[in-house]
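An overview of the molecular structure
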Amino acid sequence: SFSIYKIGDCTDESLVRYKPSAEFSNLKYDLNSLYTASDIESVIYDCKILIDTKEIKALDTQSGDNQGNVVFENLGTGLYLVVQETYNEDFAVESLIIQMPMRVDSRLEYNIEAIPKYIKVTDKTNNIFDKKPTVYVTTSDNQQILPYVITLGISIVVFLLLFIFIKSDKVENRNNQK
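Since we're looking at a predicted model, the values are computed, not measured. (Residues numbered from 1 in each chain as written. Predicted model: local features only at pLDDT ≥ 70, side-chain atom pairs only at ≥ 80, totals over all residues. Heavy atoms only, no water.)

Describing the pattern of salt bridges
- Across all of its chains, the model carries two salt bridges by this definition.
- Note that Lys-6 and Asp-9 form a salt bridge whose closest N and O atoms lie 3.5 Å from each other.
- Lys-6 sits in the partly exposed class, given a relative accessible area of 24%.
- Residue classification places Asp-9 among the partly exposed residues on the basis of a relative accessible area of 23%. (Salt bridge = Lys/Arg side-chain N within 4 Å of Asp/Glu carboxyl O. Buried < 20%, exposed > 50% of the residue type's maximum accessible area, 1.4 Å probe, protein only.)

Some points on the confidence of the model for the protein chain
- In the predicted model, the protein chain carries a mean pLDDT of 81, and the fraction of residues at 70 or more is 82%.
- Predicted confidence in the protein chain is weakest over strand S9 (residues 118-120), with a mean pLDDT of 78, and strongest over strand S3 (residues 60-62), with 93. (pLDDT = per-residue confidence, 0-100. Helix = DSSP H or I, 4+ residues; strand = E, 2+ residues; numbered from the N terminus.)

Brief notes about helix H1 (residues 37-53)
- Its 17 residues place the ends of H1 24 Å apart at the C-alpha level, agreeing with the 24 Å of an ideal helix rising 1.5 Å per residue.
- Every buried residue of H1 is listed here: Ser-38, Ser-42, Val-43, Ile-44, Cys-47, Lys-48, Leu-50 and Ile-51.
- Summarising the contacts, the buried residues of H1 are in contact with strand S1 (2-12), strand S4 (78-84) and strand S6 (96-100). (Expected span 1.5 Å × (residues − 1). Contact = heavy atoms within 4.5 Å.)

What to know about the environment of Tyr-110
- Counting through the fold element by element, Tyr-110 comes out in the loop between strand S8 (107-109) and S9.
- Excluding its chain neighbours within four sequence positions, the residues that come into contact with Tyr-110 are Glu-13, Thr-77, Met-100 and Pro-101.

Comments concerning the side chain of Gln-84
- Relative to the helices and strands, Gln-84 is located in strand S4.
- Here the side chain of Gln-84 touches Thr-86 through a polar contact of 2.9 Å, landing on its backbone oxygen.
- Within the structure, Gln-84 has its side chain in polar contact with the backbone nitrogen of Val-93 (distance 2.5 Å). (Polar contact = N/O pair within 3.5 Å; in protein donor to acceptor, adjacent residues only side chain to side chain.)

Thoughts on the nonpolar core
- Counting residues in hydrophobic clusters, the biggest one holds 17 residues, and the most contacted among them are Tyr-5, Ile-7, Phe-24, Leu-31, Cys-47 and Leu-81.
- Of all the elements in the fold, those that place two or more residues in this core are S1, H1 and S4.
- Here this core takes five residues from H1, the largest share from any one element.
- Excluding residues that lie within four positions of it along the chain, Leu-81 makes contacts with Ser-3, Ile-4, Tyr-5, Ile-7, Ile-44, Cys-47, Ile-51, Ser-95, Leu-96 and Ile-97. (Core = buried A, V, L, I, M, F, W, Y, C linked by side-chain atoms within 4.5 Å.)

Thoughts on a nonpolar patch on the surface
- A cluster of nonpolar side chains, Leu-152, Ile-156, Phe-159, Leu-160, Phe-163 and Ile-164, forms an exposed patch at the surface whose accessible area comes to about 640 Å².
- Within the fold, Phe-163 resides in helix H2 (residues 146-177). (Patch = residues over 30% accessible without salt bridge, like charges linked within 9 Å, V, L, I, M, F, W, Y side chains within 5 Å. Areas by Shrake-Rupley, 256 points an atom, 1.4 Å probe, with all protein chains shown as cover.)

Remarks on the pairing of S1
- Judged from the three bridges that link them, S1 and S3 form a sheet pairing that is antiparallel. Within the sheet, the bridge partner assigned to Ile-4 lies in S3 and is Asp-60.
- Alignment of S1 against strand S2 (residues 17-20), held across four bridges, turns out to be antiparallel. Paired with Asp-9 across the two strands is Lys-19, which belongs to S2. (Pairing = 2+ DSSP bridges.)

Here it is, written out as structure tokens:
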């Protein structure tokens with residue numbers, strides 16, 4: 001079975017803009033800036049934590065039909081999280097975020113069909129639904145921080161070498177003066 005949660009309210013339907021819904025107001029993400037898989041994984045992970053800790057109830061829970069299709073009807077505009085609640089022992093579906101409406105080319109689409117990613121469950125002891133997202137540390141302008149860390153490391157090494165050189169030069173000058 002699959003459950004759906006409304007994680008974001010639509011603030012501007014024509015621009016397809018969202019803010020966290022009341023139950024998910026603790027989310028520390030700009031829901032309008034989910035550009036990478038890592039961004040989406042992080043939001044999904046934090047939403048699941050909020051669902052568990054605040055005991056947030058799903059808007060709806062549905063089981064799949066004979067073809068595995070799940071239909072959630074009469075959803076208003078918003079950002080929704082779909083979570084698989086039960087799965088068979090061989091395959092599971094990754095949670096996904098669906099936006100309503102969705103911009104397709106220059107029009108807004110309200111009849112959304114999403115095909116989730118299936119995962120083969122190989123390690124029965126590992127709960128794939130608790131998978132922590134890959135998080136990269138970035139600067140405020142969304143640049144990777146690694147080049148800055150490397151530059152800082154090189155600067156420290158150069159500073160230490162310069163310090164050692166100056167210190168040894170002073171010792172040598174003292175020895176020459178005696």
